[in-house]
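Geometric and topological summary
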Amino acid sequence: MSSRPRQAPRELPKIYTPTEAEGHWYSVWEERGYFRGDEDRPGPPFSIVIPPPNVTGSLHIGHALNNTLQDVLVRWKRMQGFNAVWIPGTDHAGIATQNVVERQLLSEGLDRHRLGREKFIERVWAWKEQSGGRIIEQLKRLGASCDWSRERFTMDEGLSRAVREVFVRLHAEGLVYRAANQLVNWCVRCHTALSDIEVEHREVNGHLWHIRYPLEDASGHVTVATTRPETMLGDVAVAVHPEDPRYAGVAGKHVVLPLVGRKIPVIADDYVDIAMGTGALKITPGHDPNDFEVGRRHGLPVISILTVDGRLNDAFLVDDAGSPLPGAPAARLVGRSRQDARSIVVEMLEAEGLLDSTEKHRHAVGHCYRCGTVVEPFLSPQWFVKTKPLAEPAIAAVEDGRTRFRPTQWENTYFEWLRNIRDWCVSRQLWWGHRIPAWYCLRCDRDAITQVEGEELRSDRIALSAQPILSAEPPSACPRCAGTELIQDPDVLDTWFSSALWPFSTLGWPQETKALATWYPTSTLVTSFDIIFFWVARMMMMGLRFTGQVPFRDVYIHALVRTETGEKMSKSKGNVIDPLDIVDKFGADAFRFALMALAAQGRDIRISEKRIEGYRNFVNKLWNAARFVLMNVEDHDPRAAGCPSLTAADRWVIRRLGQALTEVDAALTAYRFNDAALALYQFTWNVYCDWYIELAKPALQDPARRAAAQWTLLRVLRDVAKALHPIVPFVTEEIWSALPRPEGEPAHVMIARYPEPFAEHGEDLEVDRLEQLIDVIGRVRNIRGEMGVAPGQKVDLFLLSDDEAALAPLRAGEEHLLRLGNLARVVFGRTADRPPVSSMAPAGAVEVHVALPDADPAEEVRRLEKEIAKIDGELAAHDRKLGNPSFLERAPAEVVAETRARRDEALASRAKLAASLAKVRGSDG
RNA sequence: GGGCGGGUAGCUCAGCUGGCUAGAGCGUCGGCCUUACAAGCCGAAGGUCACAGGUUCGAGGCCUGUUCCGCCUACCA
């Protein structure tokens, strides 16, 4: 235990400095094991798995929001007596991490191919070891109460085992398959396939080129349009609609592919849209998914014109019989990049007079979500997960409410994607990740070789047979021929494959662990909408498939954090706010509070330092309230039995505390984080500090009331510390440590019992009256402020009411008067025959009149007139309502009664104001 | 093209199933160093709730249309 000596109460500094306290308390909590989950602990289970951040990443503000909300939930539930656990961990982040290490290699003049697979992976592990702890340390700075003894990494042995298990089982069930030749999204920079959702569509300015393909019989030409002219090299046909009169005799003929000289057929297919463009469509099965389908229907060949790194190969230089066409003009394009090829093709076509027209064209182009490179449809052998059978139960589980999204609107997004889901390409041509547990036997099936055009960089694949041997563990021999020359599939799995298993793999699955039995399904998933497809939906599919249960009951979707001006934060833009800088500057508590308060907003959260500063001030306010209390309780005995007899003010603040706790409970239960934060903010500042502490000051001077005030100050402060602890754990722990503790309260607020919401039993007229008094004080202050009365100047106060019964105690009650005198700086007038300045009285309240030292009659006239005008407006509105017969008939009785009462009050107030006005005018004239 | 979200005070945003005089923080203005806190205290000003219709006794919340902004999604050459 590194606990340092705590300061004596009187030495608490004026300003709370977070840094020291935060480091101290975090290590105390950790050393005492307060974060640890224990399967055997009593209480209903509550569990959260962290959305694993990239292991080599660093904490950004989105993580800060995400993890703050999780921490608030976990701390709250833990304090409520739940058997709570928050399981942390990190993700290996396949492409992202591999790219980082590749960049490092590049700067050393190396690349991964020269290094070799094994060495490269060692490099990545080394980098992981070096930088992997950083994000965890950052989470700790935020105060995250994760059970670090259960920290997991997606490439841990246990989790890898789960990955292999799932892959092999899915394969056995026919839900994983290998497609020998499939068009996939290919990143020519990362040299890998991507799933559909890893492609970002961006609107770009491009062109639409219209190209003439001369008919073989020289009877004319067919014009096609394309946004990617270089793909024409791989064209195998031109398609027209069978009923298009323009091309009635053309289908069945051949055209000569420009620059290449290949003769390709004109086919008829109703996929072609007659109304679109020229009505003729070039068919490039190797580079367009639709064309791939058309080509398949017509038995056309597939020509892949690109290498894995996006250069032109020579596969397109063949005639329709497959013989080489060495003399073709396009031969000079071999080896050029796709961009170069595009401009050269356009130039050449133009030179040959085959370019009909060029128009500007704005369209969406797919880009790699990791590196931003334009993605190509590319022919290659890949592994897929058949998703339909997995998606159906995932849809059903949300439909029937086993898992609920909050806000529920996100269920639409979830359904929309799952209902239109396409098979998931899970193989990646990377080295960093879970290698696919498929082996190929070199002895048998040697001829069934899967070959990909232009595959120099992936020559290891060429040796593979098309018949993988699947096993969760490495096989020692081929089950067919017993051959031992086995080669593992070189590909790794999509990062999101292992993420999809996270809720159960982290709890020990496939073993039937106690943790799994205790905490699965998990309670709440806290994440943002941008990974509903990537992660949430896939966890649902895999969780249901392999555990038979949903992975989580609630999915809380929070907003995305943006900059003050609404921009997305990104490293390249340099507008990233580093959460750690904020923590350094304002403290983790202020930052957490700000994130909480912002959490319920729509899709975006704009964060600004100003806002955080405001909550820093709140933390300091709380701190100073604690200082005040501590300065005034040195003679208080926390262990004294029973509570002293409380005054109305004491009972009042306790009543308000109960109301605040009720709000907080309702808000947190409904994931309305901002409402919970606001309720506590307002109680602490506007009720406890602004009113109760002020009311307590005179009471502390009064021997008769001192003990009760001390007891109440402490009692409420302790509840405030507990109630706020999930949001601002550090400052509350610091305060708690300085507070005297009665029997039964633990040494640390983190493990204290969360205060139960409560309502008072029965009526308390004295407390009601205090509410009135507070209202009176407000109105006196209002008048004083308006009239510019000097702060020290006492004024005469007159209180009037039709209901003398209500007024009498207020007038006579010594205690109340004292408070009023203190807080409003008034002396009490005996009569009210000419109350000089008045303030409107709301329902049931007394009228407040103040005699100012030298009241200016003209000022008073203006003031009264203004008030009368205001009342007239109100009256008119009431009359309109009450004059409406359907209002009287259909509105709820209480609403009608209330409106009547309100109108009567307004009328009475108006009469009195009018009388005052007449008097002032009279005395004036 | 399809879908979703948003337009409320000068700024950033709350406002849950339609029902008291539409709220908060910041900013602004005026007054206070009142012995917990100037990172504070007291008070004030400021809103035709994007626009136009409609439903309703009653609309910032509901319906229709218009408009502006943002996001997601899509194979339209």
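Conventions adopted
Residues numbered from 1 in each chain as written. Chains lettered and ligands numbered in written order. Predicted model: local features only at pLDDT ≥ 70, side-chain atom pairs only at ≥ 80, totals over all residues. Heavy atoms only, no water. Helix = DSSP H or I, 4+ residues; strand = E, 2+ residues; numbered from the N terminus. Contact = heavy atoms within 4.5 Å. Areas by Shrake-Rupley, 256 points an atom, 1.4 Å probe, with all protein chains shown as cover. Phe/Tyr/Trp six-rings, centres within 6.5 Å; stacked < 30°, edge-to-face > 60°. Buried < 20%, exposed > 50% of the residue type's maximum accessible area, 1.4 Å probe, protein only. Expected span 1.5 Å × (residues − 1). pLDDT = per-residue confidence, 0-100. Near = heavy atom within 4 Å. Polar contact = N/O pair within 3.5 Å; in protein donor to acceptor, adjacent residues only side chain to side chain. Salt bridge = Lys/Arg side-chain N within 4 Å of Asp/Glu carboxyl O. Axes fitted to C-alpha atoms, helices over the stretch in contact; angles between N-to-C directions. Parallel < 35°, antiparallel > 145°, perpendicular 65-115°, else oblique. Nonpolar A, V, L, I, M, F, W, Y, C, P; charged D, E, K, R; others polar. Pairing = 2+ DSSP bridges.

Next up on the list: the overall build of chain A. Each helix and strand in chain A was counted, giving 28 helices and 29 strands. If you take every contact in chain A between residues at least 6 apart in sequence, the share linking residues at least 24 apart comes to 78%. Of the roughly 39500 Å² that chain A leaves accessible, carbon and sulfur atoms contribute 50%.

Across all of its chains, the model carries 34 aromatic pairs by this definition. With a centroid separation of 5.3 Å and 25° between ring planes, the pair formed by Trp 29 and Phe 730 is classed as stacked. With a gap of 701 residues between them, Trp 29 in helix H1 (residues 18-32) and Phe 730 in helix H22 (residues 729-738) connect regions that are remote in the sequence. On the accessibility criterion, Trp 29 (0% relative accessible area) is buried. Note on Phe 730: relative accessible area 0%, which makes it buried.

Now for helix H2 (residues 61-79). Here H2 is 19 residues long and its end C-alpha atoms lie 27 Å apart, about the 27 Å a rise of 1.5 Å per residue gives. Counting buried positions over the 19 residues of H2 gives 19, a clear majority of the element.

The share of residues in chain A with pLDDT of 70 or more is 88%, and the mean pLDDT across the chain is 84. Confidence drops under pLDDT 50 across residues 1-10; counting only partners more than four residues distant or on other chains, this segment forms 21 contacts. Across residues 840-844, confidence stays below pLDDT 50; counting only partners more than four residues off in sequence or on other chains, it has 13 contacts. Confidence estimates for the predicted assembly give a pTM of 0.90 and an ipTM of 0.95.

This part is about the protein's contact with RNA strand B. For RNA strand B, the set of nearby residues contains 56 residues, the closest of which are Ala 225, Met 276, Leu 281, Arg 616 and Arg 890. Of everything in RNA strand B that lies within 4 Å of the protein, sugar and phosphate atoms constitute 61%. One nitrogen or oxygen atom from the side chain of Asn 617 is found 3.0 Å from a phosphate oxygen belonging to RNA strand B. One of the backbone N or O atoms of Phe 887 is found 3.3 Å from a sugar or linking oxygen in RNA strand B.

So, on to the pattern of salt bridges. Taken as a whole and assessed by the stated rule, the structure comprises 52 salt bridges. For Arg 169, the salt bridge identified is with Glu 165, shortest N-O distance 3.3 Å. Linking Arg 169 with Glu 165, this pair stays in helix H6 (residues 157-172), spanning 4 residues, or about one helical turn. The partner of Glu 399 in a salt bridge is Arg 419, with the nearest N and O atoms 2.7 Å apart. Of this pair, Glu 399 sits in helix H9 (residues 388-399) while Arg 419 sits in helix H10 (residues 410-419), placing them 20 residues apart in sequence. Three or more residues are tied together by salt bridges with common partners; here these are Glu 157, Arg 161, Arg 164, Glu 165, Arg 169 and Glu 473.

So, on to the packing of helix H16 (residues 579-586) against helix H17 (residues 588-598). For the pair H16 and H17, interaxial distance at closest approach is 7 Å and the crossing angle is 120°. By the criterion of interaxial angle, the relationship of H16 to H17 is oblique. Contacts from Pro 579, Ile 582, Val 583 and Phe 586 in H16 reach Ala 588, Ala 590 and Phe 591 in H17. Residues that form the contact of H16 with H17 fall into these classes: 7 nonpolar, no polar and no charged.

Once that is clear, we can look at the sheet that holds strand S8 (residues 221-226). Taken in spatial order, the 3 strands line up as S8-S7-S13 in an open sheet, and their pairing is antiparallel. The sheet is open, and its two edges are formed by S8 and strand S13 (355-368), each paired on a single side. Averaged over neighbouring strand pairs, the angle between their axes works out to 20° when direction is ignored. Relative to S13, strand S7 (residues 199-214) runs antiparallel, the two sharing 13 bridges. The partner of Val 204 across the bridge, within S13, is His 363.

All right, on to unusual backbone geometry then. Cis geometry is found at the peptide bond from Arg 406 to Pro 407, where omega equals -5°. With respect to the helices, strands and loops of the structure, Pro 407 is situated in the loop between strand S15 (404-406) and H10. Residue Pro 510 is reached from Trp 509 by a cis peptide bond, and omega for that bond is 10°. Assignment of secondary structure puts Pro 510 in the loop between helix H13 (502-505) and helix H14 (514-519).

Read from one edge of the open sheet, 3 strands run S19-S18-S20, paired in antiparallel fashion. Edge positions in the sheet fall to strand S19 (469-470) and strand S20 (486-488), since each has one partner strand and no second.

Moving on to the packing of H1 against H22. The interhelical angle for the contact between H1 and H22, taken along N-to-C directions, is 85°, at an axis separation of 9 Å. The orientation of H1 relative to H22 falls into the category roughly perpendicular. Along its contact with H1, which presents Ala 21, Glu 22, Trp 25, Tyr 26 and Trp 29, the element H22 presents Pro 729, Phe 730, Glu 733, Glu 734 and Ser 737. Along the lines of polarity and charge, the residues of the contact of H1 with H22 split into 6 nonpolar, 1 polar and 3 charged.

Take Lys 282: it is sitting in strand S12 (residues 280-283). Residue classification places Lys 282 among the buried residues on the basis of a relative accessible area of 5%. Only 3.0 Å separates the side chain of Lys 282 from the side chain of Asp 235, close enough to count as a polar contact. For Lys 282, the side chain forms a polar contact with the side chain of Thr 284, separated by 3.0 Å. Sequence-distant contacts of Lys 282, defined by excluding residues within four places in its chain, comprise Tyr 213, Val 224, Thr 226, Arg 228, Thr 231, Met 232, Asp 235, Ala 237, Val 238 and Asp 291.

Turning our attention to the pairing of strand S11 (residues 263-268). Inspection of the sheet shows strand S9 (residues 237-240) paired to S11 by 3 bridges, in the parallel sense. Along S11, the bridge assignment pairs Val 240 with Ala 268. Summarising the sheet, strand S10 (residues 254-256) and S11 pair through 3 bridges and their orientation is antiparallel. Each bridged residue has a counterpart across the sheet, and for Val 255 the counterpart in S11 is Ile 264. Here S10 hands over to S11 after 6 residues, with Leu 259 in that stretch at a positive phi of 70°.

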